[in-house]
Amino acid sequence: MTTLVALLGGASSKQIYEHAKTDVSIYTQLNFEKQVTKNRDKGISVVHFYKSSDAGASDFVNSYKDFATENMGVFRIGSVDCEDFQKICEKEKVTETPTLKVYPPFPAPTQDMDLAKGFDSKAIKKFAGRFYTDKSIEITSNNHKTFVEDQPGTPKVLLFTNAKKGTPFVYKALSQNFEKTLHFGLVRESEDALAKKYKVKKFPALVVVKSEGKPITYDGAQFTYQPIFEFLNVHSQIFVDPRKADNQPTESAASRPWLTVAVPQITAESGNDICLQKDGALCVILVAKDKSQASSDVLEIMNSVGQGFASKISRGISFYFSWLDTSAEPEFAATFGLPEEDLPKIVVMNPGKRKRFMLHEGEISEAGIEGTLDKILGGDARFKAVKGNKLPKLVSEYPKE
């Protein structure tokens, strides 16, 4: 009995958190190591170390309770009374109270939050959330097919968001916590064709795609961590190859940088993925003198046209949009016989068995490019054969960000 009382702290003081009234876990010598220090490979722990007899010990309680309730499942959130469990606090090098300590996954060291600036729920979340790594991939019409078809034994998750940039924190946390069993994709509101494909009419929307069966849409009322976690947990089982030595997370082929942008640059690394080896592909290429001619405005025009034509697939033909830097690929660019003063220019190329191309003769505008593509789909376009029916080898590297 004496030993048990020592382990439980002997109830020598009144703890400021109560099991029945809070989502904050209460750690003792019986569970601290198991839940926190020996569990770091399974998530991030946040621990409030305090002494219940300190003046103002309860000042942080309401904020910490709010943090625990709002972030249930995202972090393991607990507390230690250093009067009752002095040995834990000594071992964890807690020299003053209150202390808020974050235990990120190894090899990152533990971190103490500076409490001089306050102790509110948002500040704690920002401090602890730094240790989550975004494992999701930006999905566009360029890499969607690769994403859903790569590694068919692994279900894919698509978040449709109206956020212009960045990844919602909850989705970032889910992508790390499920990284061994699910692949996560992020689809922006601007990807109209993908939204139509998955019948997304409002944002945010979450869809699970498996190799068999129809996409499964999350229909929960709340886009918070715990209900989405429970929804995804049902679909997180994957086929495990018994020949593999372990079950480490694998990278999706769709994460290649040229597949995560709307209108990528054609290089030796990217060309085949973007268009050159895709079945039924017609490559819509902005041939530019250099990067300065591939401005964001021009690429956005091409992307907008691409979104509109994604649903106009005809006779197995799909359009893939990209741009070519002739200063980096002069031999490949020479295929089209364009003098430098005519650049930039839109070229539509068929890279199949009978390699052919045609020049877009109108202005580089949505209406102009759409007119050329409509002519192709209507069978009225005239293509020119590539000399020798062979494309020159691409030589440039994809630019590093």
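Residues numbered from 1 in each chain as written. Predicted model: local features only at pLDDT ≥ 70, side-chain atom pairs only at ≥ 80, totals over all residues. Heavy atoms only, no water.

Some words on the nonpolar core
Test applied: The term nonpolar core refers to a set of buried residues drawn from Ala, Val, Leu, Ile, Met, Phe, Trp, Tyr and Cys, joined through side-chain atoms within 4.5 Å. Each residue gets one of three labels from its accessible area relative to the maximum for its type: buried under 20%, exposed over 50%, partly exposed in between, using a 1.4 Å probe on protein chains only. By definition, residues are in contact when any of their heavy atoms lie within 4.5 Å.
Counting residues in each nonpolar core, the largest one holds 42 residues, and the members touching the most others are V46, Y64, F75, L206 and L232. When sequence neighbours within four positions are dropped, the list of residues in contact with L232 reads V157, L174, F178, L182, F184, L206 and V208. One finds C283, L338, L394 and Y398 within the second-largest nonpolar core, a separate group that totals 24 residues.

A look at the side chain of S236
Put simply, the test is: Secondary structure elements are defined from DSSP: runs of H or I of at least 4 residues count as helices, runs of E of at least 2 residues count as strands, and each element is numbered from the N terminus. Distance and chemistry together define a polar contact, namely a pair of N or O atoms within 3.5 Å, with one atom able to donate a hydrogen and the other to accept it when in protein, and with adjacent residues in sequence counting only for side-chain atoms on both sides.
With respect to the helices and strands, S236 occurs in the loop between α9 (225–234) and α10 (271–276). Judged by its relative accessible area of 4%, S236 falls in the buried class. Side-chain polar atoms of S236 contact the backbone oxygen of N233, separated by 3.1 Å. Here S236 is in contact with F178, T181 and L182, once residues within four sequence places are set aside.

A few points about the sheet that holds strand β1 (residues 25–26)
As a reminder, the rule being used: A pair of strands is labelled paired if DSSP reports no fewer than 2 bridges between them. Only the stretch in contact is used when a helix axis is fitted, and all axes are lines through C-alpha atoms; the angle between N-to-C directions ranges over 0 to 180 degrees.
Across the sheet, which stays open at both edges, the five strands sit in the order β1-β3-β2-β4-β5 with mixed pairing between neighbours. Looking at the sheet topology across the chains shown, the edges are occupied by β1 and β5 (111–112). Looking at chain direction, strand β2 (residues 45–50) and strand β4 (residues 99–103) are connected through five bridges and run antiparallel. Its bridge partner lying in β4, F49 is registered against T99. Relative to β4, helix α5 (residues 121–129) is tilted by about 35°, and along the sheet it contacts β2, β4 and β5.

Digging into the environment of E300
The topology assignment puts E300 in helix α11 (residues 296–309). The class for E300 is partly exposed, based on a relative accessible area of 43%.

Focus: the state of the cysteines
Heads up, the condition is: Any cysteine sulfur atom paired with another within 2.5 Å is treated as part of a disulfide.
Taken as a whole and judged by the stated rule, the model has two disulfides. One disulfide bridge connects C82 with C89, the sulfur atoms lying 2.0 Å from each other. The sign of the S-S torsion, about -90°, decides the handedness of the disulfide formed by C82 and C89: left-handed. The class for C82 is buried, based on a relative accessible area of 6%.

Describing the environment of W258
With respect to the helices and strands, the residue W258 is situated in the loop between α9 and α10. Along the sequence, W258 and E269 sit eleven residues apart, while their C-alpha atoms lie 8.8 Å from each other. If we skip the residues at most four places from it in the chain, W258 touches P264, E269, S270, D273, I274 and Y398. Engagement of the side chain of W258 in a polar contact is seen with the side chain of D273, the distance being 2.9 Å.

Re the confidence of the model for the chain
Convention followed: The quantity known as pLDDT measures the predictor's confidence residue by residue, on a range of 0 to 100.
Counting all residues, the mean pLDDT for the chain is 87, and 90% of those residues have values of 70 or more. Confidence drops under a pLDDT of 50 for residues 1–12, and excluding neighbours within four residues, the segment shows eleven contacts in the predicted structure. Predicted confidence for residues 238–247 stays below pLDDT 50, and this span has nine contacts to residues more than four positions away or in other chains.

What about unusual backbone geometry?
At the junction of F203 and P204, the peptide bond is cis and its omega measures out at -5° in the coordinates. Structurally, the position occupied by P204 is in the loop between α8 (192–197) and β9 (205–209). Cis peptide bonds are those with omega within 30 degrees of zero, and the linkage from L343 to P344 qualifies with 0°. Of note, P344 is situated in the loop between α12 (330–333) and β13 (345–350). Its identity is not glycine, yet N389 carries a phi of approximately 55°, on the positive side. Residue placement: N389 occurs in the segment after β15 (384–385). With a relative accessible area of 36%, N389 lands in the partly exposed category.

A look at α5
For α5, the complete set of buried residues consists of S121, I124, F127, A128 and G129. Against β2, α3 (61–70), β4, β5 and α7 (169–177) lie the buried residues of α5. The N-capping residue of α5, defined by a side-chain oxygen 3.1 Å from the backbone nitrogen of K122, is D120.

A short note on the environment of I376
Inspection of the secondary structure puts I376 in helix α13 (residues 366–377). With relative accessibility at 6%, the residue I376 sits in the buried group. Spatially, the C-alpha atoms of I376 and V284 are 12 Å apart, while their sequence positions differ by 92 residues.

A look at the pairing of strand β11 (residues 281–288)
Within a regular strand, side chains alternate between the sheet's two faces. In terms of residue burial, β11 counts as a mostly covered element, since eight of its eight residues are buried. Looking at chain direction, β11 and strand β12 (residues 318–325) are connected through eight bridges and run parallel. Residue V287 lies in a different strand from β12, and its bridge partner there is L324. As paired strands, β11 and β13 are joined by five bridges and run antiparallel to one another. Pairing of L286 across the sheet is with I346, part of β13.

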